[in-house]
Amino acid sequence: MASQATPQASPPASPQAIAVLTRLLEARTGQQLASARAWRIDTALRPLMRLRALETLDQLVHLLLGGQEAALSDQIVDALVNNETSFFRESPVFDSVVEATTALEGEGRRARVWCAGCSTGQEPLSLAMLFAERRDKTGRGMPEILGTDVSEGVIHRARQGRYSQFEIQRGLPIRRAVTWFDGDASGEWIAKPELLRHVAYRPLNLMGEGWPIGRFDVILCRNVLLYLSAEAKALMFTRFAEVLRPGGLLVLGAGETVIGQTDRFQPSARVRGFYEPVVGGGRAVA
Amino acid sequence: MKTCLVVDDSKVIRKVARHILETLNFAVSEAADGREALDHCMATPPDVILLDWNMPVMSGMEFLRALRESSIADKPKVVFCTTENGMAHIRAAIEAGADEYVMKPFDRDTLESKLQIVGMA
Ligand SMILES: C[S@@+](CC[C@H](N)C(=O)[O-])C[C@H]1O[C@@H](n2cnc3c(N)ncnc32)[C@H](O)[C@@H]1O
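Residues numbered from 1 in each chain as written. Chains lettered and ligands numbered in written order. Predicted model: local features only at pLDDT ≥ 70, side-chain atom pairs only at ≥ 80, totals over all residues. Heavy atoms only, no water.

## Some words on the sheet that holds strand β4 (residues 181-183) of chain A
Residues and elements named next belong to chain A. Using the following cut-off: Two strands are counted as paired when DSSP detects at least two bridges linking them. Secondary structure follows DSSP: runs of H or I at least 4 residues long count as helices, runs of E at least 2 residues long count as strands, and numbering of each begins at the N terminus.
Read across the sheet, three strands follow the order β3-β5-β4 without closing on themselves; strand pairing throughout is antiparallel. Of all the strands in the sheet, the pair left with one neighbour each is β3 (162-163) and β4. Where β4 meets strand β5 (residues 189-191), three bridges bridge the pair, whose relative direction is antiparallel. Bridge pairing in β5 links glycine 183 to tryptophan 189.

## A closer look at the sheet that holds strand β5 (residues 100-103) of chain B
Residue and element names in this part refer to chain B. Note the cut-off: The convention used is that axes are lines fitted to C-alpha atoms, helices contributing only their stretch in contact, and that angles between N-to-C directions extend from 0 to 180 degrees.
In spatial order, the strands read β2-β1-β3-β4-β5; together these five strands make up an open sheet with parallel pairing. Only two strands of the sheet have a single partner each, and these edge strands are β2 (26-31) and β5. Going across the sheet, the axis of each strand differs from the next one's by a mean of 20 degrees, ignoring polarity. With four bridges connecting them, strand β3 (residues 48-51) and strand β4 (residues 77-82) associate as parallel partners. Following the sheet pairing, leucine 51 is matched in β4 by phenylalanine 80.

## Considering the UniProt feature "modified residue: 4-aspartylphosphate" (unreviewed entry) in chain B
Residues and elements named next belong to chain B. So the rule is basically this: UniProt positions are given in the numbering used here, feature names are shortened, and annotations may be inferred rather than shown by experiment. Between two residues, a contact is recorded if the distance between any of their heavy atoms is within 4.5 Å.
Following the UniProt record, one finds the feature "modified residue: 4-aspartylphosphate" (unreviewed entry) at Asp52. By secondary structure assignment, the location of aspartate 52 is in the loop between β3 and α3 (60-69). Filtering out sequence-adjacent residues up to four positions away, aspartate 52 remains in contact with Val7, Asp8, Asp9, Gly60, Phe80, Cys81, Thr82 and Lys104.

## Description of the site of the ligand
Residues and elements named next belong to chain A. Going by this rule: Proximity is defined per residue: if any heavy atom of the residue lies within 4 Å of a molecule or strand, that residue is considered near it. Throughout this description, a polar contact denotes any pair of N or O atoms lying within 3.5 Å of each other; where both atoms belong to protein, one of them has to be capable of donating a hydrogen while the other can accept it, and for residues adjacent in sequence the pair is counted only when both atoms sit in side chains. Per-residue and other accessible areas follow the Shrake-Rupley method at a 1.4 Å probe size, with only the shown protein chains counted as cover for residues.
The immediate surroundings of the ligand are formed by 20 residues, with Thr29, Thr85, Arg89, Asp149 and Asn223 found nearest. In this structure, asparagine 83 approaches the ligand through a side-chain N or O atom, which is 2.9 Å from an oxygen atom. A distance of 2.9 Å separates a nitrogen atom of the ligand from a polar atom in the backbone of leucine 206. Contact with the protein chains covers 98% of the free accessible surface of the ligand, which is 600 Å².

## Thoughts on the interface of chain B and chain A
Convention followed: Summed over both partners, the accessible area (1.4 Å probe) lost when two parts come together is defined as the buried area. Salt bridges are identified by distance alone: a Lys or Arg side-chain nitrogen within 4 Å of an Asp or Glu carboxyl oxygen.
On the side of chain A, 15 residues touch chain B, which itself brings 19 residues to the contact. When chain B packs against chain A, the two sides together hide about 1,400 Å² of surface, and 57% of this comes from carbon and sulfur. Counting across the chain B and chain A interface gives zero salt bridges. Our count for the chain B to chain A interface comes out at eleven residue pairs in polar contact (both at pLDDT 80 or more). Contributing elements (two or more residues each) for the side of chain B that touches chain A: α4 (87-95), β5 and α5 (108-117) of chain B.

## Let's talk about the side chain of glutamine 122 of chain A
Assignment of secondary structure puts glutamine 122 of chain A in helix α7 (residues 122-138). Leave out the neighbours within four places in its chain, and glutamine 122 of chain A touches Thr85, Ser86, Phe87, Tyr163 and Glu167 of chain A.

## Some words on the domain arrangement of chain A
It is common to give the size of an interface as the accessible area lost on bringing the parts into contact. Residues and elements named next belong to chain A. How we decide: Each domain span listed reflects an automatic or database assignment of domains.
Partitioning chain A into structural domains gives domain 1 (15-80) and domain 2 (91-277). Domain 1 and domain 2 are separated by 29 Å when their C-alpha centres are compared. Each partner contributes residues to the interface: domain 1 has eight residues there, and domain 2 has ten residues. Linking domain 1 with domain 2 are zero salt bridges. At the surface where domain 1 touches domain 2, the tally comes to five residue pairs in polar contact (both at pLDDT 80 or more). Considering each element in turn, the side of domain 1 that touches domain 2 owes the most residues, three residues, to helix α2 (residues 15-29).

## Digging into the packing of helix α1 (residues 11-23) of chain B against α5 of chain B
Residues and elements named next belong to chain B. What counts here: An angle below 35 degrees is treated as roughly parallel, one above 145 as roughly antiparallel, one from 65 to 115 as roughly perpendicular, and anything else as oblique. The sense of a crossing depends on the near helix, which, turned anticlockwise from the far helix by less than a right angle, makes the crossing left-handed and, turned clockwise, makes it right-handed. Charged means Asp, Glu, Lys or Arg here, nonpolar means Ala, Val, Leu, Ile, Met, Phe, Trp, Tyr, Cys or Pro, and polar covers whatever is left, Gly included.
At a closest axis distance of 10 Å, the pairing of α1 and α5 adopts a crossing angle of 60 degrees. Classified by the angle between their axes, α1 and α5 sit oblique to one another. The element α1 and its partner α5 pack so that their crossing is right-handed. From α1, Ile20, Leu21 and Thr23 reach across to α5, where they touch Arg108, Leu111 and Leu115. Considered class by class, the residues forming the contact of α1 with α5 number four nonpolar, one polar and one charged.

Here is the structure:
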């Protein structure tokens, strides 16, 4: 029965091929592919294999190691990272970000918010909608919103601001959908230019160089550090602490914490669930 | 336990919706058209209504208008659930008093997300 149900099944990949792929992913992004998620590799890479008429992961790895195709390793990394996201994911967080930002921005100074690991843009756009609604209600200006991600593919999609019917229905209240998006004939929804222009997107590997210049009031890095090694996580926290303004806040995903991971951050006394740099933190060297 | 009334002339859709809603811990009842739904609501108003657009006897819009003018006007949250996915339809539904709007086809995540938005899940 099983063989009938899976006509496309290919021979299982060799442990060596899996090892090459997981090492590539970790070297590029810091992301460790837990063995619990290793089954995803085949599914995730299927489209790349089909494009090249390859049957097995081993053949793909062979091609990768042959180095003939310069873009292949990027494409593999793009396909392997987990890009799962949705509008207003864990929605109360977004109201807290707006509140915290409002408290931080002084008269006349424009606040800066950074979504690090923003995937296809639902997170920064959710913020942009709330800030635009705040502007319409109170006349306060828009903050600068930056969205970055290691995957060029998701940044390309985020810049287009096009979402499928499925994506637009996840987390986004219908009133906001019709206010901030246009429907098109193909059933896709496109963020209106007056919303999209409030978010600047650019590719950025958090493990690499080229971090944004200047300081931020709020940094959201949600559901990104989850699969990083302990050392990589500690490095990220150190770097985030350096680019936050005094009083600035770090926001992690619901299942993430700084506790036991770094001495640079502590739970914020001002905003529940957010984190703030420890003054003088990280100076002590063991 | 929250109660949900599924209003759809398709038995298959009602069954799919019932199944999902039960996994989300709703007590589910069904109606095959707007008239039947209105009778049900007057007798036992549910917490939330999943409402199809095109139905014989009384359409989803006619039902919604009648509901919002009735004595239980604001009680049930109404989530339209329809293949009509044009802006004009959506705006008309909101104007008539719909709280949320699901474009078919839908899955568990979509429905759960919409029910959360109306404070029901
Ligand atoms: C699961 S998504 C989370 C998206 C969004 N922050 C949210 O919570 O809905 C994780 C994103 O982090 C990105 N990412 C992973 N490692 C990264 C790295 N080293 N540098 C930058 N982005 C990274 C992935 O490409 C992916 O888009």
